[in-house]
Amino acid sequence: MFRKRLLKKVLQQRRGGGNGGGPGGGGGGAGEVAQLDAQIALHYGVPYAASVMGFDPVQRLLAVGTLDGRIKIFGGDNIEGLLISPKSVPYKYLQFIQNQGLLVAVSNENEIQVWNLEFRQLFHFSQWDVNITAFAVIEETFFMYLGDENGLLSVLKYDVDDGKLLKMPYNVTIHSLSEAAGVSLLDTQPIVGILPQPDTLGTRVLIAFERGLLVLWDITEDRAIAVRGYGDLHIKSQVSGAQTDASEHQIDNVDETEEEREICSLCWASRGGSTVAVGYITGDILLWDMTVSSRQGKQTDVSSNVVKLQLASGSRRLPVIVLHWSAGSAKDTTKGGHLFVYGGDDMGSEEVLTVLSLESSNGLESVRCASRGDLRLDGSFADMILIPDTGVPDKIRASALFVLTNPGQLNFYDGSALFSGRKSEEVYAQPEARKFPVAVPTIDPNITVTDLYSLTGTGHPSISLKKFCARQSVAPPISGNMKWPLTGGVPSEMSLKEDHAVERIYVAGYQDGSVRIWDATFPILVPMFVLDAKVSDIILDGANASVSSLAFCSLNLTFAVGTASGLVRMYKLHEHTGDSSFHFVSESKQEVHAVHHGRGFHCHVAFMASNSPVRSLRFAGSGEVLAVGYQNGQVAMFDASQLSMMFCVDCASGTNSPVVSLSIYGVVSSAAEVDQSQKETAKSGKFSTDVLLSLTKDARLTVIDSTSGLVINSHLLDQKQLSAVSMYVIDVASDEEQTQSSGDKSPSQSQTGKEQKDLDQKQAQGAETNQKKASQHSHSGDSNSLLLVCFEDEALLFYLASLIQGSNKHLHKIKLAKHCCWSAIFKNKDDKACGLILAYQTGIIELRSLPDLEILAESSLMHLLRWSYKTGMDKSMSSSNGQIAMVNGSEFSIISLIASENDFRIPESLPCLHDKVLAAAAEAAISISTDQKRKQNPAGVLGGIIKGLKGKADENANLRRSFNAQTHIELLESIFLKESSAEASIPSPDDPIEELTIDDIDIDDDVPLSPPPASSSTSHVNKKTTEDEREKLFEGSSVADKPRMRSTQEILTKYKFGGDAAAAAAHAKDKLMQRQEKLERISQRTQELQDGAENFASLAQELAKNMENKKWWKL
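This structure is a prediction, so every number in the text was calculated from the model and none was measured. (Residues numbered from 1 in each chain as written. Predicted model: local features only at pLDDT ≥ 70, side-chain atom pairs only at ≥ 80, totals over all residues. Heavy atoms only, no water.)

### Brief notes about helix H16 (residues 968-976)
Turning to H16, its buried residues are His 968, Leu 971, Leu 972, Ile 975 and Phe 976. Down the axis, H16 shows its buried residues gathered within 125 degrees of arc, on one side only. (Buried < 20%, exposed > 50% of the residue type's maximum accessible area, 1.4 Å probe, protein only. Helix = DSSP H or I, 4+ residues; strand = E, 2+ residues; numbered from the N terminus. Arc of directions from axis to C-beta.)

In structure tokens form, the structure reads like this:
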């Protein structure tokens, strides 16, 4: 009953007193804690489930899509962004609308999404009815080609004004395309590839069907320019992957069984789109010449249209999954380029990415493979992309290669080293694969412990950090002379200000013993400095051991690093060069070494009290005294100012249970059992002293005098608990403070509150600063203070004064429904704890009020980041007043939990993923270049396409005028707004066959009126013309008013086929074949229905037999 009353009193004090609700007040009740509004403030690294990539060559941005519905954007200067789809569905296509800040993504559920990079939002999404099997965005336009499983080519347009995807009327079905191309297809086939032809501005597109048909389609003419596949597989030559002499090529003819093969990949393999490389499921690669149509009449030599590349000689080879092309040198025309191939090798061979250097001096007939290189992969292949060179008009020349492997590994190759590094004429020298540079290394080296520190209110020390930070470069550390190809994005204006102070730092310790520190004031981590584990000219045992604990004192910029070897290193973050001294202090000896330091921060003292790994560090006072907790349960106290070890005691009572948390608390001497000499020296009975609280994993709390090391008391908080997580001292406002606080809120003072506040701040600035320095890392002695202890499955609240006096009875206890693995305290502006953050092994993040520990809100890592909790993740989690930093594999993220905590939520603080200035400059340059080309060529940019058009002279003239008057975007839109002319001739298999009969022909038998009188010569000519027409009409009939009787076939031949008997015969044959096919289909369907009926009857009989033996209660 007493504990309940005490808890009720404490709650009344917390809710009734303080400086108002919210994070800025001193309250901690449910109504005073800010609402949970978790958002991703920062994300670095390649997602674990990365699967597909896209690139914007103008904005220089790289997009990576994942299997869980996320899209990662990479730019320059550590600018990265994370887009999360509402659905956790894999992406299969990812392409930019170039230079527009728009990204189009197609999911496996055929949902088309349009993301706006400037606002980092999903602007539009639409669900496609059928399976999308091919997708391509037309360069420099808002139009997209889309192919589906039914063989239909559709066109979409993104309307910027309305923010919607529009389906254009233009489309090409497989039936209309096959009829226009002169190819007979018995059934539909999915489109597996769409490639807009280079230098045609989207007016010509290569369409690849699954079973091998390739059609180069011209949308301006609605006709097939070139058709390949099916009957054209007469191989000119076979080029093996590493041959260098064209005379060694083996000539192979392909038998009829190879006429239809499934296409897996394709790409253009020439500068102007005259050659296409196609990869097949058989492991073959065919180079097709697409310049001359093989369907326009009879061709004398079709064997010159294709060349076969074979990477392996085995009978069973891997399918060619990926093909990409990079053009060679523009000066040397004999160097065709480089073909990147994934697949094609023998089954069971090592997984590699093959680079073929192909040379050709005179078309496909002279193609030769100059060299071959195999790039080994770190993991299973996911995707690759070639980055075009910057500043080069030739966009198909690559300056870098990015290779994506699972799980979430991104490597890149320098283009110059990739294409020029050879050992000999036949084999490339193995290029060096470089890891994608990351802002926060998490795997290489392996991160072991992290911490997030706030420097607000600490005064001038942060300015010195800013001065040092400003000298550091934020560019990725690239070795060699390679220029980093990703430069997109614009840093925030706030982060570019030179006068901003460092308000937050992120610190990470690594397995190699090093420590890295970043400026985390804004949502771009800026690297500040690296603390090396080594000391100049001194060999220390365990110096290179992994970092296990961190501590930072912002008052004097002192940093402490604990390692797994038990060594504790201390740094002063003040730049010093020249000679200095280094001190090594242990329990048995003290050494002093003279060392010479270079530029940067260096270790000035190291302590060693135990060989056990350091588990916890805590600064006391102004940062000169450091408490250390070890894995074996020992606790030591070091004095850095005196360079001495104060004491080392065992707090685990022989159980070797690790120390999980330390806290320093100031109490009066009457509450602690100190020696008599201290009491005698005190002038009053209330002498203030600090005690050290140590909590081990087995729930043992030990109270130690922080000066003498005397153990005041030690007891178990809970006999059943063996998994303590953390502990926190919570200061509760006393009655005197509440009275003063309520008096401050009187009406008379509230009228002049602002002036009084400013005056108080000026008068008490010095005293307040000194008070903060004295109590920054230790809690003041308050009789109402509470101790919160978090375990895996419960949380206990104790009255701290009672604990120090020896009582272990808890004040409040709550059961946790899930296993807790990490916790943190959220404080308000008065540095008072007002909320508890709990993280569970299920990935749930929970916010609770203090001290009543009521649940306020919760979120989850899966909902926020699509992360699942992994063992050991809690070791890399850290928090600073509502901001949680965490690591998952190669990913690093900072989550902002509280809605009113807007350090990372100010729009001006976020970097922009779309550079509007660059976009405007690029559009202006393109416009100027287009105008120059129009002046040089009166026919316009598309003059070369005009020359190939067939038709009347006036139509060509009108079309040329339209090209000159319109941009290519307007031209494409005018074409796509109309239905394809080939659509009218599409036969439907369900339409009835129409036959022409004698009744369908109407012959006018009316006698013509007498012509007006004319001259004799004119009458003679008219009479002769009339007789000729009459003879032609009646075709030799002797009866003037009755024409000669003709058969149906004669009428068809005369009127439908223009007198061509061969065409009429072919038409009759086609009708018979169509009728026969319909009869066969009807017969086949009838047989299927009959088989289904028989199967159903047999199933019913079998079910009846089984049910006969069962009782009614078993049914």
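Let's pick the thread back up.
### Considering the sheet that holds strand S32 (residues 504-510)
The antiparallel open sheet is built from four strands, whose spatial order is S31-S32-S33-S34. Sheet topology places strand S31 (447-454) and strand S34 (526-531) at the edges, where each strand pairs with a single neighbour. Averaged over all neighbouring strand pairs, the angle between strand axes comes to 20 degrees, with direction disregarded. Here five bridges tie S32 to strand S33 (residues 515-519), and the two strands are oriented antiparallel to one another. Bridging across to S33, Ala 508 finds its partner in Arg 516. (Pairing = 2+ DSSP bridges. Axes fitted to C-alpha atoms, helices over the stretch in contact; angles between N-to-C directions.)

### Remarks on the pairing of strand S11 (residues 143-148)
The buried fraction of S11 amounts to six of the six residues, a majority that puts the element mostly inside the structure. Burial of S11 is two-sided: the residues Phe 143, Tyr 145 and Gly 147 facing one way and the residues Met 144, Leu 146 and Asp 148 facing the other way are all buried. Note that strand S10 (residues 132-137) and S11 share five bridges and pair antiparallel. When the sheet's bridge partners are listed, Val 137 is paired in S11 with Met 144. What sits between S10 and S11 in their antiparallel hairpin is a turn of five residues, with Glu 140 showing a positive phi close to 65 degrees. With five bridges connecting them, S11 and strand S12 (residues 153-159) associate as antiparallel partners. Bridge assignment links Phe 143 to a residue of S12, and that residue is Lys 157. Hairpin remark: S11 followed by S12, antiparallel, with four residues in the connecting loop; positive phi at Gly 151, about 80 degrees.

### Let's talk about the packing of aromatic side chains
Enumeration according to the criterion identifies 18 aromatic pairs in this entry. Arranged with centres 5.1 Å apart and planes meeting at 80 degrees, the rings of Phe 412 and Trp 484 form a pair that is edge-to-face. Remark: Trp 484 occurs in the loop between helix H4 (461-469) and helix H5 (493-496) and Phe 412 occurs in strand S29 (residues 409-414); sequence separation between them is 72 residues. Judged by relative accessible area, which is 1%, Phe 412 ranks as buried. Taken together, the ring pairs in this structure connect Phe 74, Phe 402, Phe 412, Phe 436 and Trp 484 into an aromatic cluster. The ring of Tyr 510 has Arg 516 lying over it, and the distance from NZ or CZ to the ring centre is 4.8 Å. Sitting over the face of the ring of Tyr 48, Lys 870 holds its NZ or CZ atom 4.4 Å from the ring centroid. (Phe/Tyr/Trp six-rings, centres within 6.5 Å; stacked < 30°, edge-to-face > 60°. Lys NZ or Arg CZ within 6 Å of the ring centre and 35° of its normal.)

### Some points on the side chain of Ser 270
Examined against the element boundaries, Ser 270 turns out to sit in the loop between strand S19 (263-268) and strand S20 (275-280). The buried category is assigned to Ser 270, whose relative accessible area is 13%. Within polar-contact distance, the side chain of Ser 270 engages the backbone nitrogen of Ser 274 at 2.9 Å. Reaching out from Ser 270, the side chain makes a polar contact with the backbone nitrogen of Thr 275 at a distance of 3.0 Å. (Polar contact = N/O pair within 3.5 Å; in protein donor to acceptor, adjacent residues only side chain to side chain.)

### As for the state of the cysteines
What the rule picks out here adds up to zero disulfides. You can see Cys 648 has no disulfide; the closest cysteine sulfur is in Cys 651, sitting 8.8 Å from it. (Disulfide = S-S within 2.5 Å.)

### Describing the pairing of S19
Most of S19 is tucked away, with five of its six residues classed as buried. For S19 and S20, the ladder comprises five bridges, and the chain directions are antiparallel. Bridge pairing in S20 places Ser 265 opposite Gly 279. If you look at the hairpin formed by S19 and S20, you'll find six residues sitting between the two strands, and Gly 273 has a positive phi there, around 80 degrees.

Function cannot be read off these values alone, since they describe shape.
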